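Residues per chain are reported as follows:
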2 protein chains.
Amino acid sequence: MAHQDADVPDDSAGSALSDVDRFVQQWREQRPDLDPSPIALFGRVHRVYLRYQAVITKCFEDFGLNPASFDVLAALRRAGAPYRMTGTELAAESLLSSAGITFRLDKLEQAGLITRIRDTQDRRVVHSQLTPEGLALIDEAIAAHLDNEHRLLAGVDDADADQLAALLQRLEDSILAARQ
Amino acid sequence: MAHQDADVPDDSAGSALSDVDRFVQQWREQRPDLDPSPIALFGRVHRVYLRYQAVITKCFEDFGLNPASFDVLAALRRAGAPYRMTGTELAAESLLSSAGITFRLDKLEQAGLITRIRDTQDRRVVHSQLTPEGLALIDEAIAAHLDNEHRLLAGVDDADADQLAALLQRLEDSILAARQ
DNA sequence: AGTTAGTATCTAAGCACTTAAAGATTAAGT
DNA sequence: ACTTAATCTTTAAGTGCTTAGATACTAACT
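Residues numbered from 1 in each chain as written. Chains lettered and ligands numbered in written order. Predicted model: local features only at pLDDT ≥ 70, side-chain atom pairs only at ≥ 80, totals over all residues. Heavy atoms only, no water.

## A short note on the relation of the copies chain A and chain B
A rotation about an axis combined with a shift along that same axis relates the two copies of the chain. Note the threshold: What sets the superposition is a least-squares fit of C-alpha atoms, and only residues with pLDDT of at least 70 in both copies go into it. Contacts are assigned to residue pairs that have any heavy atoms within 4.5 Å of one another.
Mapping chain A onto chain B leaves a residual RMSD of 0.0 Å; the transformation is a rotation of 180° accompanied by 0.0 Å of translation along its axis. What we have between these two chains is a two-fold relation. Interface overlap between copies: 100% of the residues of chain A at the interface are likewise at the interface in chain B, consistent with a symmetric, same-surface contact.

## Quick look at the protein's contact with DNA strand D
How we decide: If even one non-hydrogen atom of a residue comes within 4 Å of a molecule or strand, that residue is called near it. Residues adjacent in sequence count toward polar contacts only when both atoms are side-chain atoms; beyond that, a polar contact is any pair of N or O atoms within 3.5 Å, and within protein one must be able to donate a hydrogen and the other to accept it. Strands are runs of DSSP state E lasting at least two residues, helices are runs of H or I lasting at least four, and both sets are numbered from the N terminus onward. For this classification, the nonpolar set comprises Ala, Val, Leu, Ile, Met, Phe, Trp, Tyr, Cys and Pro, the charged set comprises Asp, Glu, Lys and Arg, and every other residue, Gly included, is treated as polar.
Surrounding DNA strand D, one finds 23 residues, the nearest of these being Thr88 of chain A together with Asn66, Ser97, Arg104 and Arg124 of chain B. The sugar and phosphate moieties of DNA strand D supply 71% of its atoms located within 4 Å of the protein. Thr102 of chain A places a polar side-chain atom, nitrogen or oxygen, 3.4 Å from a phosphate oxygen of DNA strand D. One nitrogen or oxygen atom from the side chain of Arg104 of chain B is found 2.7 Å from a phosphate oxygen belonging to DNA strand D. When contributions to the surface near DNA strand D are tallied by element, the ones reaching two or more residues are helix H4 (87–94) and helix H5 (98–110) of chain A together with helix H5 (98–110) of chain B. Here the element with the most residues in the surface near DNA strand D is H5 of chain B; it accounts for 5 residues. A per-class count over the surface near DNA strand D returns 7 nonpolar, 9 polar and 7 charged.

## Overview of the protein's contact with DNA strand C
Around DNA strand C there are 23 residues in total, and Asn66, Ser97 and Arg104 of chain A together with Thr88 and Arg124 of chain B lie nearest to it. Near the protein, within 4 Å, the atoms of DNA strand C are sugar or phosphate in 70% of cases. Those elements giving two or more residues to the surface near DNA strand C turn out to be H5 of chain A together with helix H4 (87–94) and H5 of chain B. By residue number, the principal contributor to the surface near DNA strand C is H5 of chain A, which donates 5 residues. The residue inventory of the surface near DNA strand C, partitioned by class, reads 7 nonpolar, 9 polar and 7 charged.

## Side note on helix H2 (residues 37–61) of chain A
Put simply, the rule reads: Expected helix span is given by 1.5 Å per residue-to-residue step, counting one fewer step than there are residues. Only protein chains enter the accessibility calculation, which uses a 1.4 Å probe. A residue is then buried if its area is under 20% of the maximum for its type, exposed if over 50%, and partly exposed in between.
In a regular helix each residue adds 1.5 Å, so 25 residues correspond to 36 Å; H2 of chain A covers 37 Å between its end C-alpha atoms and thus fits that length. Burial within H2 of chain A is extensive, with 18 of its 25 residues counted as buried.

These figures capture arrangement, not role.
Laid out in structure tokens, this is it:
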């Protein structure tokens, strides 16, 4: 893992500038005609997402899963018994293309974690359902995943976490509203 | 674009529950033995990132770029004249593997937007430098990109944006600290 | 000088997506 | 009933990454 420690800033000299702050400052110098302030926000979203993905990917490996397969199993599990959803429903929850869902379901079916069941009423529809093995696995994996996420939040107090979630929701709404 | 409007929630009945809030609630019902509250935060990070990527991808298309190629050109541009960085430096700024950077640079070189220059002192090192075409393109693209980002932030007031950036920095620090 | 270790980049194989289009089925309009 | 349109899933081709390992070079030690 090339980035394991190489890019952790040396913070020994007080509150050092973060990488993202440096990017903003560089843009101010190079292009004083522009206002680069949104980078302070979106750059951090980007970096937090990458850091987070790297950590949870490692957590899922213990269960033979990756973020993509975990995502599908978790959607089926939290839907409740009989742990069954259609491809269209799964695509909407995961913000994924239909082809992407087909790919994920192929892998999970090969691994024996889901089965596909053609709908008898509407024969276009295919239901994907957790197998007993899939149910057992996701029930273990979600517990480890939440433990891990709590660990990642150890440095953020509860009030800040709540506020961060609320502000992120406002940001998502703003992005959707701006999407012409 | 399949998700253009299909997944925008109907908010006509007041402040409806967001998708992420529903996920948390479903987990509380299905697994009352677990505390799913971190999902409210990380789920939103994930969704905001996906929404954001979708919008900027469309913006970059106008310049024949994608987020990956824009990222490299922007790093070179904000570094200042002579707009030159090594692969290792670029990988660190973008949190990317060395192979990923090689791939990005191959594409940019084929497009005539950068040139590769072997270092004369240390012949292991390859500098990548903006061509005049690359410089002209990124100078146009960064202006459009920042305009676009300001548009995406229209629904978030400045104080909230600042606070969101600060909280995201705290979250990144917490993730890095927990990464054992 | 010669060996060993470390570093910078690139190659190869594989993976998880994407868009575009096709196939199968259902719904709507006449 | 018949045509047209809409919907659900899958296939095909291509893209941008990943890890693992190869290659080329430099630095450190003896």
